[in-house]
Amino acid sequence: MAGPHPTGRVFLCSGHMVDAPDRAAARFPPVKEEAVRARMAAQLDEWGVGAGDTALCGGARGADLIFAEICSGRGARVQVLLPSNTDDFVEESVRLPGSDWERRFHRLIAHAEVRLQTDELGALPAGESPYARNNRWLLEAARAEAGGAGKLFILLVWDELPSGDGPGGTSDLAAAAAGMLQPDHSAIINPTTIQPFPRDVHLARSGGAKRILSLDGGGVRGILTLQYLKRLEKILQDQHRKPGLRLSDYFDLIAGTSTGSIIAAGLALGMYASEIEEKYRRLADSVFRRSWRRWGVFRAKFDATALEKALEELFDDMTMGSPDLLTGLLVVTKRLDTGSQWPVSNNPRATYFHQRPGSTSRANADYKLRKVVRASTAAPHYFGPELIEVNPGIPGNFVDGGVSTANNPAFEALKLVTLGNFGIGWPTGQHRLLIVSCGTGTADPSSMPSRMAGKHALVALTSIMNDCSSLIETVMQWLSDGPTARAIDGDIGDLAGDLLGGQPVITYRRYNVELTPGWIKEQLGREISAKRLRELGEMDRPANMDDLTELGRHSAALMVDEHLPAAFKLP
């Protein structure tokens, strides 16, 4: 048995397990985990827990594991005292189907000191509860580690009822510890009085339908996207008879790449589409200012300082983990120094969202929102890369998510909410999962020839981005059946009747314009010259925004109709 730690204090935590689905009365439901974690982190911050301190807990899913993860992330020495062998304990107190608690438990104990009750105390006496015995052992071990009560602190995550579900609960430990500590050395966090974060309500796995909004990249052409969003917002307000309804109320996840990430972040913070449009115009005017000293050949075409200042004004010092983000948010960027696509979200179940035991990597929750959005908008040729510290002293080199396969992030969003390792686990089905995808207008690269090598490379990059977007649209239409499907090309058409698996996996709605004279005339009934459409396809000309706005309004009036199925109406 370890002796007293020579330099620090000792922190003991006992608390309720996260509720199983069959629990009769909710006490600590999974949707409250992050709100409770935030309260626990705030209390541990107040106490200044860090390197040199020792943390003791019992290791069950819920308060114990959250406490241990937080303390481990702060450099404290963590001891886990178990009432039985790990296999039996996992089965009894950790495992919860459809959750990541078991994975988190094994990750923790790989980097903590694990102590078994029977190894240190001997066989359990007949008729005694192993959990009641573990409570006494925790208290005794904590006092021994502290060398007395002066260095001992206790955190209880407890509903404050005098009796729990049985012997050995948090109420027992609370009674045993009563009167033994200084007043400022103990704290109670009652999960029954805490409201879940709105984000977690949106991201929670539930029996109801779920809704995703996906926003493409495209520079100043994002003003066209906003016309679709304003129209959609008005339709939803009328449908629900709620004039104040925001898109963050309706959509459970909002995904954005490049310019779409700016709009997505604003919507996730609860801004109205019209409010974002006003800010977006000012941002574009200040950011895309041409200089004779910058041509995009030997240095980026635009100075990123104005963009960084505008994003700081929009998002201040909010982080990806901020509860100010009222719904799920996914921002796609690309890390050049590793060649990997980085979808960064505020999903608390994602592997890298919180600080992991034994890892020095910076938690995604701590990334500044403005830095992540800046990374997603760092389009090569236009802006320099964004550096984000991913490990102490180690910056990652990030560029626009549009140079990955996800300039249209719809498929990335679908992966986030359905693949098991992300921990969200929404069910699929035509009436279970809606994805609304908004483009910025598809420029025609065939109309942008150039003999200049740099310009030719940019045209080639645009072509690749269009190819990737077409591939994403093909996949999404293959998984769905709806009125907004477009003809991808002459070979496969609009995939009418082609359903992967024989039935729709999602409901998919795609709103976009093709910046070609034929499409504009056929779909919108307007005559616009190829030359003018080529100009409108440029991503860095704020002077185009008025015409793009008009084009977007016209398109939205015709395309964004009331064809969102009733299954996706809010309760």
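Read on for an overview of the structure. Bear in mind that the values here come from a model prediction, so they are computed numbers and not experimental data.

### Here's the deal with empty space enclosed by the protein
- What the rule picks out here adds up to 4 cavities of 30 Å³ or more.
- In this structure, the second largest cavity spans a volume of roughly 130 Å³.
- Lining the second largest cavity we find 15 residues, and of these Arg-104, Arg-107, Ala-350, Thr-351 and His-354 sit closest to its centre.
- By residue class, the composition of the lining of the second largest cavity is 4 nonpolar, 3 polar and 8 charged.

### A short note on the sheet that holds strand β5 (residues 152-157)
- As summarised here, the arrangement of the 6 strands in space is β4-β3-β2-β1-β5-β6, forming an open sheet in which the pairing is parallel. The open sheet has two edge strands, β4 (113-116) and β6 (186-189), and neither has a second partner. Taking the axes of each pair of neighbouring strands and ignoring which way they run, one obtains an average angle of 20° across the sheet.
- Pairing geometry for β5 and β6, over 4 bridges, is parallel. Its bridge partner being in β6, Leu-156 is matched across the sheet by Ile-188.

### Things to note about the packing of helix α9 (residues 222-240) against helix α19 (residues 545-559)
- In contact at an axis separation of 8 Å, α9 and α19 are set at 35° when each is read in the N-to-C sense. When you trace α9 past α19, the crossing you get is right-handed. Contacts between α9 and α19 involve Ile-223, Leu-224, Gln-227, Tyr-228, Lys-230 and Arg-231 from the first element and Met-545, Leu-548, Thr-549, Leu-551, Gly-552, Arg-553, Ser-555, Ala-556, Ala-557 and Met-559 from the second.
- Residue composition of the contact of α9 with α19, grouped by class: 9 nonpolar, 4 polar and 3 charged.

### Details of helix α17 (residues 517-524)
- Every buried residue of α17 is listed here: Trp-519, Ile-520 and Leu-524. Viewed along the axis of α17, the buried residues span an arc of 100°, placing them on a single side of the element.
- Here the buried face of α17 lies against α18 (530-536) and α19.

### Focus: the nonpolar core
- Leu-213 and Leu-229 are the most contacted members of the largest nonpolar core, which has 77 residues in total.
- A total of 8 residues in this core trace back to one element, the largest contributor, which is α9.
- Discounting residues that sit within four places of it in the chain, Leu-213 has contacts with Leu-229, Leu-247, Phe-251, Leu-253, Ile-254, Ala-255, Leu-267, Val-436 and Cys-438.
- In terms of nonpolar packing, the next biggest core, distinct from the first, is built from 41 residues, Ala-35, Trp-101, Ile-109 and Ala-187 among them.

### Brief notes about the side chain of Gln-227
- With respect to the helices and strands, Gln-227 occurs in helix α9.
- A polar atom in the side chain of Gln-227 sits 2.8 Å from the backbone oxygen of Ile-223.
- Within the structure, the side chain of Gln-227 is placed 3.0 Å from the side chain of Glu-277, a separation counted as a polar contact.
- Those residues in contact with Gln-227 that lie beyond four places of it in its chain are Glu-277, Thr-549, Gly-552, Arg-553 and Ala-556.

Reading guide: rules and limits
- Residues numbered from 1 in each chain as written.
- Predicted model: local features only at pLDDT ≥ 70, side-chain atom pairs only at ≥ 80, totals over all residues.
- Heavy atoms only, no water.
- 1 Å grid on protein atoms, 1.4 Å probe; cavity = no way out; pocket = protein on both sides within 12 Å on 5 of 7 lines; lining within 4 Å.
- Points joined across faces, edges and corners; volume = space filled by probe spheres on them.
- Nonpolar A, V, L, I, M, F, W, Y, C, P; charged D, E, K, R; others polar.
- Pairing = 2+ DSSP bridges.
- Helix = DSSP H or I, 4+ residues; strand = E, 2+ residues; numbered from the N terminus.
- Axes fitted to C-alpha atoms, helices over the stretch in contact; angles between N-to-C directions.
- Left-handed = near helix turned anticlockwise from the far one by under 90°.
- Contact = heavy atoms within 4.5 Å.
- Buried < 20%, exposed > 50% of the residue type's maximum accessible area, 1.4 Å probe, protein only.
- Arc of directions from axis to C-beta.
- Core = buried A, V, L, I, M, F, W, Y, C linked by side-chain atoms within 4.5 Å.
- Polar contact = N/O pair within 3.5 Å; in protein donor to acceptor, adjacent residues only side chain to side chain.

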